[in-house]
Each structure stands twice: as structure tokens, then as C-alpha cells.
Amino acid sequence: MLRGPCRIFRVSVAPVAALAVALVSSLSRCSLLEPEDRVVSPLSPYFGTKTRYEDANPGLLPDPEAPRRDPQLLEETCTPVQLVALIRHGTRYPTTKQIRKLRQLHGLLQARGPGDDRTRAAGGGDLGAALADWPLWYADWMDGQLVEKGRQDMRQLALRLASLFPVLFSRENCGRLQLVTSSKHRCVDSGAAFLQGLWQHYHPGLPPPDVADMECGPPRINDKLMRFFDHCEKFLTQVERNATALYHVEAFKTGPEMQNILKKVAGILQVPVNNLNADLIQVAFFTCSFDLAIKGVKSPWCDVFDIDDAKVLEYLNDLKQYWKRGYGYTINSQSSCTLFQDIFQHLDKAVEQKQSSQPISSPVILQFGHAETLLPLLSLMGYFKDKEPLTAYNYREQMHRKFRSGHIVPYASNLIFVLYHCKNAKTPKEEFQVQMLLNEKVLPLAHTQETVSLYEDLKNHYKDILQSCHTSEECELPKVNTSDEL
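Residues take numbers from 1 onward in each chain, read along the sequence in its written order. Confidence filtering applies because this is a predicted model: local features only for residues at pLDDT of at least 70, side-chain atom pairs given and counted only at 80 or more, and all residues used for totals across whole chains, interfaces and linings. Derived side-chain values reflect all non-hydrogen atoms in the structure, with water molecules and hydrogen atoms excluded from consideration.

J.: Account for the overall build of the chain, naming residues and giving values.
T.: Scanning the chain from terminus to terminus reveals 20 helices and 8 strands. A buried classification covers 55% of the 486 residues belonging to the chain. Long-range pairs, those at least 24 residues apart, make up 80% of the contacts in the chain between residues at least 6 apart in sequence. Summing over all exposed atoms, the chain offers an accessible surface of approximately 21,500 Å²; the carbon and sulfur share of this is 51%. A run of H or I in DSSP becomes a helix once it reaches four residues, and a run of E becomes a strand once it reaches two; helices and strands are each numbered from the N terminus. Per-residue accessibility, obtained with a 1.4 Å probe over protein chains only, is compared with the maximum for each type, and a residue is labelled buried under 20%, exposed over 50%, and partly exposed between these values. Any pair of residues with heavy atoms lying within 4.5 Å of one another is described as a contacting pair. Shrake-Rupley sampling with a 1.4 Å probe provides the accessible areas, and residues are treated as covered by the protein chains on show and by no other component.

Here it is in C-alpha cells:
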């Protein structure tokens, strides 16, 4: 039962400031328009990490608040006793960097002289002129903040999970929920919106109180866990700050597939091809996705590209994610082992408490992070690994690749571990079993393709990762010998 208000910001001063700023900004910077009717585009399946959750999970479209129970979920004599969920933030605004690139492209269109309007003079439609007149409503303050659609993503996810696992998300358990979040405002706000969804589940029809007055929580900022990549000096030095680390990404930008799109778009927009580059083309493509997701509008930017263009631009996005966050450089996936250990520590504790007939202290653990949090972890676990690495030179061969970031980590994507206690188990080992869900669908085990595992077997499969995780050593830069040799 709810026992009265519980201040959600009982954390240290710095996290308090981060939480407060993020929540205040979410109230003061209200979304310009919340989409009412879903607008679709044939380009939607190719937006990579900018993909809407419902485009990756279309079964939710008829009723986004109703749970869709995967028929492979355990039931009958097995009862869920703990849930650990790693959740990407909901739909967000573009970053300031993306907005400035779009502003640069918009300026090119507005700078076109009368002599450039050849298609209009010939009586044809001028898409460049339409885009020059299209309102550029993005502003620097938006900088990746959660939008109203992103809050809706989280509220609806909360409603579905609470209905799917009613015992775990009972009102009695509300005060025992654990929430961990990245310090980024979009993650803090996603956690707050999720709690609002739970309130809606517990109190249908009643407006939620201020998040600070809800008992569920409080959220705790832990960037070492949720943004482990920012705390790995080897990754930052060898990949993030290394201009040559993303060689295949830069090579693909100048390769024939992207150059063909560059020339085509220059012709459509009637701007000199030398004024365009792959980064501007990509931001134009993503603007189509942002307008769709944030405002529910199919803007003229969507008309610049066709399906073949979209597939190439998706591959460019996937190349970056593959080399930076996936299998390209293993240092990032290796540094995610701390998060993997944390998940199993929660599961271990729940098993121990259940075996000793104690109540589970934290039946639900919710962790709010980023695509950059989920992808390395899934790579560490061996998921979505293709036989050949993604490179700048095998686009055609990788048309049917497993590693498609928009199908794996769209906005609001989630990786869920569910621990079950099975009463009629024949042996003690069979008493505890685990299932994993990716985006609310049962995720077969990477090593067996089975949909359920005995908990001890799953731990044993990943024992090398769990036992040899020494992030401080893995992330330490090699010592450079600066002594003079005589």
C-alpha cells in the first residue's frame, strides 16, 4: 500500500541538481506539438537509433497501453519473483550538434539565387524551395531533451509491464522499487515518466502528483553504471577521441553508395554538390524521423529520399554503432561487464532471499540509460553478431545483417531479465529459471536458442565474463615508458 509521500530526491547535492534541472526543464520546455494520429513513412524501418518504438514493435499500435503477452513467457507453476529492466530513454529532441547542421543545410537552401530555381522555372515542383520555406522550429535549448512523445513512451511501457507482471508491480511493492538512471536529463525524465505511468496503473483516472511526492523510487544517479563508456579511459582515448578509429564510417561516407546519394540530393535541392557532405545528408534524413516522432508530421525532408537511399543511410548509422558500441572495438563491450555483473548480483540476492524464505528486498529494478548502454551489453552477451564484420566495403553483402540498430535499440528499447521460482521443480537446480525479453518479446538464449534457462546454467554460461570483469584494469591505458635509454 502507498504509505504517504516519499521524497524522490534523497541523493547527494550534485545528483539533486541534475535531477532538479532535468525535471524543471521538462516542465518549462513543453513539447510544441503532441502527435494525435500516427503518421507513417516508408522510410520508418531504416532510421536506426532514431527509430520510434512502435515502428520496431508494430503489434502495439492497436492499443499501446495493453500488454502483449509473448506466448513463450513462463506461466502456471513458475512465478516471477524479480525483474531487472535496462531501459533506453524515450523519444528525444535532436542534439544541439544535429540542430546546427540542419541550420547549416537550411541556410544553403535559403541562399539559392533565382538562377538556381531551374525546376520551378520549368514548371516542376521545387522541393528545395519547399524545404527553404518549411519552418525550422528546432532550437539549441532542445539539445537531446525528452519530448512529450518520449514521456508517453515511458508511461505506456510502465502500464504494459505492470499489467504483464502484476505481482511484481503491485502497490505493496511500489516502495521497494529500485530506480537507477544516467545523469542525462532525457534519462532522468524517462524515469519520472515511468513512475507516472505506474501511478496511472495504481490510480486510474487520477492525475499523478509531483514525482517528488510518489512513494515509488527514489531514482538514483549512477553514471559509472549507466554511462560506463564515459569512465573507461582506454575507450575514450583509443576510440572516442581517436580520429582514425571510425575508419570504416569515414570510408563509407566517401564510397560510391553515399556519393550517389550526395549527387542525387544536390540535384533535387538544386544546390552545388560541393556544398553538401555525408553528415548534412544524414541529418536531413534524421530530420524526417524527428518530425515524424516528435510532431507526427511527414515533412518534405522525407520526400528527398527513397527506400534505396534509406537503406544506405541506415547502414551508415549501423556502421558507426557497430564500430563504436558493438563488435568493432571490444573495449566498449568489455567495459559493460560491470553493468552485467550488477544485474546478476541483483538476481543472486533474490535467489538467496527466496531460498531462506525472506521477502525479496527489490522485486523490480529499473535502470534508465542509452542506446550506448544497451548495445555494448548485448554485444558482450553475444547477440546480433554477424559472420563477417560490417565494413565500408561490404554493404551489399550485409543487406540481411543481424546488426540493425533500429530493430535492436529504438527509442524506449528495453532488455528485461525475469527470475522465476518454480514450485514443482524436480531438483533444487530447476527451482530458479530465467527468461530475457528484448523490447517485450522473449529473447532466445544466444548460445542455445532456448527461450528459458535454469538460472545456474545461465550463470555458468557467462561465468568467464562475470568472474573476470575487472573494468579498472581493462580500461587502464598502457603505461608509456618515458625513461631515456643509455
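Having put the structure on the table, let's press on.
J.: So what about the pairing of strand β6 (residues 432–438)? Which residues, and what values?
T.: Most of β6 sits inside the fold, with 7 of its 7 residues counted as buried. Burial along β6 is two-sided: Phe-432, Val-434, Met-436 and Leu-438 and Gln-433, Gln-435 and Leu-437, pointing in opposite directions, are all buried. A pair of strands is labelled paired if DSSP reports no fewer than 2 bridges between them. Alignment of strand β5 (residues 414–422) against β6, held across 7 bridges, turns out to be antiparallel. The residue of β6 that forms the bridge with His-421 is Phe-432. Bridge count between β6 and strand β8 (residues 453–454): 2 bridges; the pairing is antiparallel. By the bridge assignment for β8, Val-434 is matched with Ser-453. Direction of pairing for β6 relative to strand β7 (residues 441–442): antiparallel, over a ladder of 2 bridges.

J.: Talk me through unusual backbone geometry; I want residue IDs and the actual numbers.
T.: Not every positive phi belongs to a glycine, and Asp-143 is a case in point at roughly 25 degrees. For Asp-143, the position within the fold is in the loop between α5 (127–133) and α6 (148–164). The class for Asp-143 is partly exposed, based on a relative accessible area of 35%. Positive phi outside glycine occurs at Gln-270, with the angle close to 60 degrees. Mapped onto the elements, Gln-270 comes out in the loop between α11 (256–269) and α12 (278–295).

J.: Could you give an account of α6, with specific residues and numbers?
T.: Between the first and last C-alpha of α6 there are 24 Å, a value that for 17 residues agrees with the 24 Å anticipated at 1.5 Å per step. Most of α6 sits inside the fold, with 15 of its 17 residues counted as buried. Expected helix span is computed as 1.5 Å times (number of residues minus one).

J.: Residues and numbers for the side chain of His-370, please.
T.: By the element assignment, His-370 lies in the loop between β4 (364–369) and α16 (371–380). Those residues in contact with His-370 that sit more than four places away from it in its chain are Arg-88, His-89, Ser-182, Lys-184, Arg-186, Cys-187, Met-226 and Arg-227.

J.: Describe in detail the packing of α12 against helix α13 (residues 307–325), supporting the description with residues and values.
T.: Here an angle of 0 to 180 degrees is reported between the N-to-C directions of two axes, which are lines fitted to C-alpha atoms, with helices fitted over the stretch in contact. The N-to-C vectors of α12 and α13 enclose an angle of 110 degrees; their axes lie 11 Å apart at closest approach. On the basis of their axis angle, the class for α12 and α13 is roughly perpendicular. Touching Ile-281, Gln-282, Phe-285 and Phe-286 of α12 are Ala-310, Leu-313, Leu-316 and Asn-317, all from α13. When its residues are assigned to classes, the contact of α12 with α13 shows 6 nonpolar, 2 polar and no charged. Oblique is the label for every angle not falling under 35 degrees (roughly parallel), over 145 degrees (roughly antiparallel), or within 65 to 115 degrees (roughly perpendicular). Think of it as three bins: nonpolar holds Ala, Val, Leu, Ile, Met, Phe, Trp, Tyr, Cys and Pro, charged holds Asp, Glu, Lys and Arg, and polar takes everything else, Gly as well.

J.: Summarise the packing of aromatic side chains; cite the residues concerned and give the values.
T.: Paired rings are identified among Phe, Tyr and Trp, the last through its six-membered ring, by centres lying within 6.5 Å, and are further divided according to the angle between planes into stacked (under 30 degrees), edge-to-face (over 60) and tilted (the rest). Applying the stated criterion across every chain yields a total of 20 aromatic pairs. Plain terms: the ring middles of Tyr-93 and Trp-137 are 6.3 Å apart, the flat faces sit at 65 degrees to each other, and that makes the pair edge-to-face. Taken as a pair, Tyr-93 in the loop between β1 (78–88) and α3 (96–110) and Trp-137 in the loop between α5 and α6 lie far apart in primary sequence, 44 residues in all. Of the two residues, Tyr-93 and Trp-137, both sit in the buried class. On the basis of an interplanar angle of 85 degrees and a centroid distance of 5.1 Å, the ring pair of Phe-340 and Tyr-462 is categorised as edge-to-face.

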